[in-house]
Amino acid sequence: MKTVVTFGTYDLFHVGHLNILRRAKDLGDRLVVGVSSDELNFRKKQIRPTYPIDHRIAIVESIRFVDEVFVEEALELKRQYLLYHHADILVMGDDWEGRFDEFNDICKVVYLPRTIGISSTDVKVRIRTNDHRALAAVVA
Ligand code: CTP
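Residues numbered from 1 in each chain as written. Predicted model: local features only at pLDDT ≥ 70, side-chain atom pairs only at ≥ 80, totals over all residues. Heavy atoms only, no water.

**Q** Just give me the short version of the environment of Ala140, but keep the residues and values in it.
**A** Summarising the element assignment, Ala140 is placed in the segment after helix 5 (120-128). What makes Ala140 exposed here is its relative accessible area of 63%. Residues Ala140 and Leu18, spaced 122 residues apart in sequence, show a C-alpha to C-alpha distance of 8.8 Å. Setting aside residues no more than four positions away along its own chain, Ala140 makes contact with Asn19 and Arg22. (Helix = DSSP H or I, 4+ residues; strand = E, 2+ residues; numbered from the N terminus. Buried < 20%, exposed > 50% of the residue type's maximum accessible area, 1.4 Å probe, protein only. Contact = heavy atoms within 4.5 Å.)

Rendered as structure tokens:
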């Protein structure tokens, strides 16, 4: 049984989120997702997510590739989370390339390419600016 762990905010859930969760699950048997708390997100990005933690958790845990979800309360707890969930593989988007190599001593660290052309921030900007151009991002 190979356990894959990944982390993220997953605000305004979009196809880039879906793609990385599917590809993460493909690397193992069980996918565990740490969803950043509202407070952690505020500390990281100086902004609160549009959807609160209970909504984001409800959405992520309903994805069929996801086996378990927990709340990520602090970036400094990554090692504890990986040990607690018996991670064999840590998956991160390649926007984090190299930043989590310190965990190679307890699991394999894999950076997957991000889906081009979409992000929660882009979605917010498109809504704000009433931008109805077709999205380039595709379901992988
Ligand atoms: N992700 C991805 N492709 C995208 C957007 C996100 O693969 N186009 C991945 C990230 O690399 C991360 C996970 O999805 O592993 C959750 O990312 P998150 O930061 O919640 O989403 P973003 O859309 O990048 O949010 P923001 O615009 O607020 O940075």
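Now that the structure has been shown, we can carry on.
**Q** Tell me what's going on with the layout of surface pockets, and back it up with residues and numbers.
**A** Considering only enclosed or pocket space, the largest pocket measures out at about 660 Å³ in volume. In terms of lining, the largest pocket is formed by 35 residues, of which the most central are Thr9, His17, Lys45, Asp95 and Arg114. For the lining of the largest pocket, the elements supplying multiple residues, two or more each, are strand 1 (3-8), helix 1 (15-26), helix 2 (38-45), strand 4 (89-93) and helix 5. By residue number, the principal contributor to the lining of the largest pocket is helix 1, which donates four residues. Of the residues belonging to the lining of the largest pocket, the class tally is 12 nonpolar, 13 polar and 10 charged. (1 Å grid on protein atoms, 1.4 Å probe; cavity = no way out; pocket = protein on both sides within 12 Å on 5 of 7 lines; lining within 4 Å. Points joined across faces, edges and corners; volume = space filled by probe spheres on them. Nonpolar A, V, L, I, M, F, W, Y, C, P; charged D, E, K, R; others polar.)

**Q** Now, about the packing of aromatic side chains: what can you tell me, with residues and values included?
**A** By the definition in use, this model includes six aromatic pairs. Aromatic side chains Phe70 and Tyr81 sit 4.9 Å apart centroid to centroid with 45° between the ring planes, which places their arrangement in the tilted category. Taken together, the residues span a long stretch of sequence, with Phe70 in strand 3 (residues 68-72) and Tyr81 in helix 4 (residues 78-84) at a distance of 11 residues. On the basis of an interplanar angle of 25° and a centroid distance of 6.2 Å, the ring pair of Phe100 and Phe103 is categorised as stacked. Summarising the burial analysis for this pair, Phe100 and Phe103 share the class buried. Ring-pair connections join several aromatic residues into one group, and the members of that group are Phe7, Phe70 and Tyr81. Just above the ring of Phe42 sits the side chain of Arg48; from NZ or CZ to the centre is 5.4 Å. (Phe/Tyr/Trp six-rings, centres within 6.5 Å; stacked < 30°, edge-to-face > 60°. Lys NZ or Arg CZ within 6 Å of the ring centre and 35° of its normal.)

**Q** Describe the nonpolar core, listing the residues and the values that go with them.
**A** The biggest cluster of nonpolar side chains holds 18 residues, and the ones touching the most others in it are Leu21, Val33, Val66 and Val91. Those elements giving two or more residues to this core turn out to be helix 1, strand 2 (30-36), helix 3 (53-61), strand 4 and strand 5 (108-112). Once residues lying within four places of it in the same chain are set aside, the contact partners of Val33 are Thr6, Tyr10, Leu21, Val60, Val66, Glu68, Val69 and Phe70. Core analysis: the second largest hydrophobic core is formed by 14 residues, Phe7, Ala87, Leu90 and Phe103 among them. (Core = buried A, V, L, I, M, F, W, Y, C linked by side-chain atoms within 4.5 Å.)

**Q** Quick rundown of the sheet that holds strand 3? Include the residues and the values.
**A** By definition, the strands of a sheet pair up through backbone hydrogen bonds, in either a parallel or an antiparallel sense. The five strands lie next to each other as 3-2-1-4-5, forming an open sheet whose pairing is parallel. Bordering the open sheet on either side are strand 3 and strand 5, each of which pairs with just one other strand. Taking each pair of neighbouring strands and ignoring which way they run, the sheet shows an average axis angle of 25°. Taken together, the six bridges between strand 1 and strand 2 define a ladder with parallel strand orientation. Paired with Val4 across the two strands is Leu31, which belongs to strand 2. Of the strands in this sheet, strand 2 and strand 3 touch helix 3, which is tilted by about 165° from strand 2. (Pairing = 2+ DSSP bridges. Axes fitted to C-alpha atoms, helices over the stretch in contact; angles between N-to-C directions.)

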